[in-house]
Each structure stands twice: as structure tokens, then as C-alpha cells.
Protein chains: 2
Amino acid sequence: MQTNHIGKQTVVFRSLPSISHTFSIVGPKEGRGPWGPDYDTVLPDEVYGEQTWEKAERKLVVEAVNNLIQKAKLQPDEISFLLAGDLLNQIISSNFAAATFPIPFFGLFGACSTIAEALILGAMLIDGRYGSRVIAAASSHNKAAERQFRFPIEFGTQRPPTAQWTVTGCGSFLIDDSATNPRITCATVGRVVDMGCKDPNDMGSAMAPAAADTLLAHFKDLAKQPADYDLIVTGDLGKVGSAILAELMEEAGFGFVDNYLDCGASIFHPDEDVHAGGSGCAALAVGFAGHFFKLIQAGKLNKVLLAGTGALLSPLTSLQNENIPCICHAVAIEVI
Amino acid sequence: MQTNHIGKQTVVFRSLPSISHTFSIVGPKEGRGPWGPDYDTVLPDEVYGEQTWEKAERKLVVEAVNNLIQKAKLQPDEISFLLAGDLLNQIISSNFAAATFPIPFFGLFGACSTIAEALILGAMLIDGRYGSRVIAAASSHNKAAERQFRFPIEFGTQRPPTAQWTVTGCGSFLIDDSATNPRITCATVGRVVDMGCKDPNDMGSAMAPAAADTLLAHFKDLAKQPADYDLIVTGDLGKVGSAILAELMEEAGFGFVDNYLDCGASIFHPDEDVHAGGSGCAALAVGFAGHFFKLIQAGKLNKVLLAGTGALLSPLTSLQNENIPCICHAVAIEVI
């Protein structure tokens, strides 16, 4: 029988699963950014009526999934599976949100690459006919992430120029066999790449090599070039990491042709003082669910390669003077 | 085309992927337990020559995966995918272990249900022909878990009778299309179940309803009964949770017929004073990779239903007075 594994790291989804609907919900800083009008919901604050930041982040996930189901005019029991993850310890935002739905659940952790990982596994669930409708979601919350990874914001600590600002939001996607556009055509699953970077305040530099590793595998596995895509979008390399990636791709003979963009480097208004740009699981999730999905629906983009990038450190590994291993998963979204 | 989704939560793997090899590595307490002779490696201590508990746990994963690949007489680049998870924040044991292999990687988090989740997704990757050989692994380490979830052991804190003892170990599985026995025939994906339990020192009570929820879905989806299996094995409900589960199943009309066992309640010698029993991702992972897999190979078990159970709390959610939502994934392992 025909294999669906191509080259070293790539899989194809021959039934061309569809992303039929998306839903994005973001915080106010994200709403003030260039993609503000494209999100489904922009919150007036990051508290979201809750008593803790963590409860606020969970609510982002619950609302993103609930609203997505409603947008698709479905009921929760018509969803075969939910795949989700976030940055918080034991992915509590995803787990506690999943507890409010009667949907069979797969918990994932790929740091900021999680939505790409979820889209890949979700596409497999549909393509392999293990389900008919799957929801993929990923979230992050600036204040919850600061408290866990660095310091509570009340400390007023300084952030270096290479630091990034965790996006507050949740992006959710309904993947199904509806044969509508756009389709998830194929994906390249990342390997964990460790280049010896140690600075937790510069994740862009740590992640860029992983992004290059996966993108190069993608192009080589499929005998493609960057120019085969209208746009290549990484999640949160930020200004520092995206510049490094562009350089690495050029050196490898697969340079971008004015068709590369990083969500983290683009999601906030330049005046927001976010230093190297946005980060977090939500950077790519809301960027794609909101902004890029609308461009695809409007016919302005037909072939997009999403590359979610994750830095797989924890506060403890940094304290133990470890390196920062990273991963990048790439997903091809195309109008057929 | 024929669907592979059955009933509400169950998927079938029609090509019957094989578990061709396993590898289990455990700490000394586990080695002194009733399944001691069945593990591939029993360590003399939990330090494993490393400077921190976390580095020791990572080494468990590296060694389990390395040795599994060697046992199967393969090279790392012949493995299509690695799926793994653990209990530590940002699943660092799995991520850092994956960094030492050139294998495309999916990071998972299902607490102590993780190995079941990994076996399901791994079976899907093989059955859907997205890869030809997949490794599923899950680990835990008693000292690393104590430090993260409760207190460093140096504090000498007391443990209540309902508390469980995190298993130190890693179990790894090679899933492939070799058509050897045993096979992964089908699986039931769990929903997150929240029954309002709050006591982080009694996870068995919290998890038992989730186990019942998934097992009942499994039997109803497939029109089966517990008696259709030689053995039903839960991961770590412990003495408290397994008794509750047996009662819940009896009340639902699907009572066990002297064919139910919990790894946590069985993995340690009764004299070890582990209170309610073992817990952690490794409980089911090493129990199955070591003990039960050998029984299957010896022809003493032909149809086994593995049910990995996870409590999806974090130390922070307990501090915020939250409930403990739980999940259970069930995987059918059969000799055809």
C-alpha cells in the first residue's frame, strides 16, 4: 500500500483535510496591533473577569473552542477530538478547558510550536478517518507566562532587548473532511535541535536553527523551494530569530524570496515596546486563525507554510545551566 | 470510504500495528517489587550518576529509547517518529531526551495517562501509514516529582494513607507494521472528567471516575464486556482508586470478572510502605513494557486492555483551590 511518509520527516494527507472554520480571541495589546480587525474577539483587559491569570487563560481556551463550535453551527458532541496545549505547567489551561467539553482529548506540549503540532495530529486524525471533525487549539497569557517563567509583573523587572512578549490569546481551528478550502496538504514533523544556546532571554536565537532544520527538511523531502509558497510564516522567532533564520536559509541555498514573515515580529504595534516581538503558543495560533486565514479566504494567499517554533526549556533547566533545545513543526495550508 | 471511528470515542486500527519490542528501566524500589525480574534494567540508585534528579530522569528516557532501538537491531534514523511525555514542567525529561536523537518528535502531556496517549497516536501513525516505525515512551522519577509537586524529600514531610509513590522509571515501545504479535487493535480516547475532587493527596479517588467513563465508553462503543479481555490494567489508581473503579463498573453493569489489576497497586512490594501504591507516568509504562508484555509473549495473556489514568492538576491549581480533572485513555493489545 502507498505510504504517506515522504523523505525523512514529511507526511502527506492525501484526502486533503479542510480547515473549515477558525476562532481567535486576544488581549487588548494584540487588538491594538496591525491584525486587530482580523481577530474574532478582542478583550478589553487580560483579567477577563477572573480571579487569577491562569483562570483567565483557561477561559480564553473555553471561549475559543465554544465559539468555534457555534460558528460552525455544530454541537460539542459532533466533535470527534480536541487537541490542545499551552505553556503552563501541566498544560492546565488546556486540561481545565477540556474538562468543560464532552470531547475526547489529546493533551500536547511543544511550547510555542504546539498549534502546529496540533494541526498535524489533527490532520492525521481526519485523513486517517479516525474522526470526522477535530478541533486544534493553543493558548498563552502574558501575565501567567511571566509569573511562571520569569517573575510576577509586580516586581517591575527589566527586560533585555532580545526578550519577547508573550501573546495573550487563543486560536482554535476546526479540521474536517468537508472538502472546503483551505486544505492541510502535508506537514514536516520537527526534530529537537540543540545548538548550545543558554540565554532564556533570547529564545529567538535558540529557535532559529530548529526552524531552519525543519524548513530545509520540508523543501528537500518534497523537492520544493521557498518560492513554491506565497508565504512562509514562523510563529515567534521575533526580530532577532527571524533575521537569523533568513540568513541560515540563504546560506543553505533555500533563501526566502520576499515571502517570509514571523508572527511574533509582526503581531504588535511598533510603539508597544515589546523588544524582540511577541512569543507564546498564541502568537502563531491567533495570527493564523485571525489574520492569515482571512487572507486565504479572501483569495490573497493560496499556499502558506506555517512553521511553529518552540523553545523547550523550563525555569528549572535554566537554573541548572542547561542548553535550550528547540523544535519546529511545519504545516502546509493550501487552496486546491 | 470506511470510517475508523466507532461509536463515541473509539478508533480502530485496521492494519493491526504491532508492538514489536519494549524496553523498561526502573529504580531500585521498583526492582525489589514483584515484577523485578521482568524489567530490562534495574538501577542500583535513583541518582544514575547525574548531578540532579531531573538529569537522572532524562537519562532514563535516553537509555530506554537507545536500548529499545538496539534491541530491535535498528539505527535511530530508521525510526519515523518519537512520541513521549512525562510529569515535569514543560516535559523536560522527554524534550531533552529527544534532543539526543535525530527522530521527529511529538511532545505529549496526559499526566500518568501519557503512555496510553502515546500508544494511541503511535498506532495511528503506523496504521495511517504516516511512518513505518514509531517509538512511544513515558517516564517519571520519584525525587523529581516530589520536588515539583509536593516538597523536596529533605523536608521529611509526612504522607497521608491515600498518597501514592511516584514510580522511577521509563517504559518504551516500538510500534511498527511488522505484523508480529501483539497488535494494537483499537483504542478509546478519554474525555476529561471532573467530579469535584480537590485533595491532591488522594488522586486515586479523583481518577477512578475518569477510568470508568472511558472503560464504559470502550465497552459500549464496541458492544463488548470486561470478560472479553484476559486482563484489564489501569495505570495508577492505587489501592483506593482501583477499589472505587471496580465498584463503579459493577454498578454500571460492567463489573470486572476477576480480571482487573492496577499497576500502581501492584508494582511495589507490600513492605515498601508506599501507602496507596505507585503512581507516575512510569507505573503503566514499565508495568506493561516489562511485566505484562512478557506475559503476552509467553502466551499467558492474549487480550489486554490497558487504561492509562492521569490527574490533570498542577501545584498551582491546588493552591488556587481548584478541582482535579482527570482523564483515562484505553488501548487494546491483542494477540491475533
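Residues numbered from 1 in each chain as written. Chains lettered and ligands numbered in written order. Predicted model: local features only at pLDDT ≥ 70, side-chain atom pairs only at ≥ 80, totals over all residues. Heavy atoms only, no water.

## Let's talk about helix H7 (residues 238-251) of chain B
All names here are of chain B. The end-to-end C-alpha distance of H7, which contains 14 residues, comes to 20 Å, matching closely the 20 Å that a straight helix rising 1.5 Å per residue would cover. Listing the buried residues of H7 in full gives Gly 238, Gly 241, Ser 242, Leu 245 and Met 249. For H7, the angular spread of buried residues about the axis comes to 100°, placing them on one side. What points out from H7, more than 90 degrees from its buried face, is the exposed set Glu 247, Glu 250 and Glu 251. Taken together, the buried residues of H7 touch helix H6 (203-222), strand S11 (231-234), strand S12 (260-262) and helix H8 (263-266). Phi turns positive, to about 85°, at Gly 253, one or two residues after H7. (Helix = DSSP H or I, 4+ residues; strand = E, 2+ residues; numbered from the N terminus. Expected span 1.5 Å × (residues − 1). Buried < 20%, exposed > 50% of the residue type's maximum accessible area, 1.4 Å probe, protein only. Arc of directions from axis to C-beta. Contact = heavy atoms within 4.5 Å.)

## Quick word on the interface of chain B and chain A
Note on interface size: it is often stated as the accessible area lost on association of the parts. The interface of chain B with chain A comprises 64 residues on the first partner and 64 residues on the second. Carbon and sulfur atoms make up 62% of the area that chain B and chain A hide from each other, which totals about 5,000 Å². When residues of chain B are sorted by the area they lose upon contact with chain A, Gln 90, Arg 129 and Tyr 130 of chain B head the list and together hold 17% of the total. Summed over the shared surface of chain B and chain A, the result is four salt bridges. (Buried area = accessible area lost by both parts, 1.4 Å probe. Salt bridge = Lys/Arg side-chain N within 4 Å of Asp/Glu carboxyl O.)

## Digging into helix H2 (residues 53-71) of chain B
Residues and elements named next belong to chain B. Taking 1.5 Å as the rise per residue, H2 with 19 residues should run 27 Å; its terminal C-alpha atoms sit 27 Å apart, in good agreement. By the burial criterion, the buried members of H2 are Glu 54, Lys 55, Ala 56, Glu 57, Arg 58, Leu 60, Val 61, Val 62, Ala 64, Val 65, Leu 68 and Ile 69. Note on H2: the residue one or two positions beyond its end, Lys 73, has a positive phi of about 55°.

## Looking at the relation of the copies chain B and chain A
Structural alignment of chain B on chain A gives an RMSD of 0.0 Å, achieved by rotating through 180° and translating 0.0 Å along the axis. The operation mapping one copy onto its partner corresponds to a two-fold rotation axis. Residue Leu 108 of chain B of chain B places its C-alpha closer to the rotation axis than any other residue of that unit, at 2.1 Å. A shared interface surface links the copies, since 100% of the contact residues of chain B are contact residues in chain A too. (Least-squares fit on C-alpha atoms with pLDDT ≥ 70 in both.)

## Overview of the confidence of the model for chain A
When pLDDT is averaged along chain A, the result is 97, and 100% of the positions lie at 70 or above. Across the assembled chains, the prediction reports ipTM 0.98 with pTM 0.98. (pLDDT = per-residue confidence, 0-100.)

## So, the pattern of salt bridges
Within the structure shown, the criterion is met by 22 salt bridges over all chains. A salt bridge links Glu 322 of chain B to Arg 58 of chain A; the nearest nitrogen and oxygen atoms lie 2.7 Å apart. One end of the pair, Glu 322 of chain B, is in the loop between helix H10 (315-319) and strand S15 (326-334); the other, Arg 58 of chain A, is in helix H2 (residues 53-71), on a second chain. Taken individually, Glu 322 of chain B and Arg 58 of chain A each receive the classification buried, so the pair is uniform in this respect. Residue Lys 55 of chain B pairs with Glu 322 of chain A through a salt bridge whose shortest N-O separation is 3.3 Å. Of the two residues, Lys 55 of chain B sits in helix H2 while Glu 322 of chain A sits in the loop between helix H10 (315-319) and strand S15 (326-334), which places them in two different chains. We note that Lys 55 of chain B, like Glu 322 of chain A, is buried.

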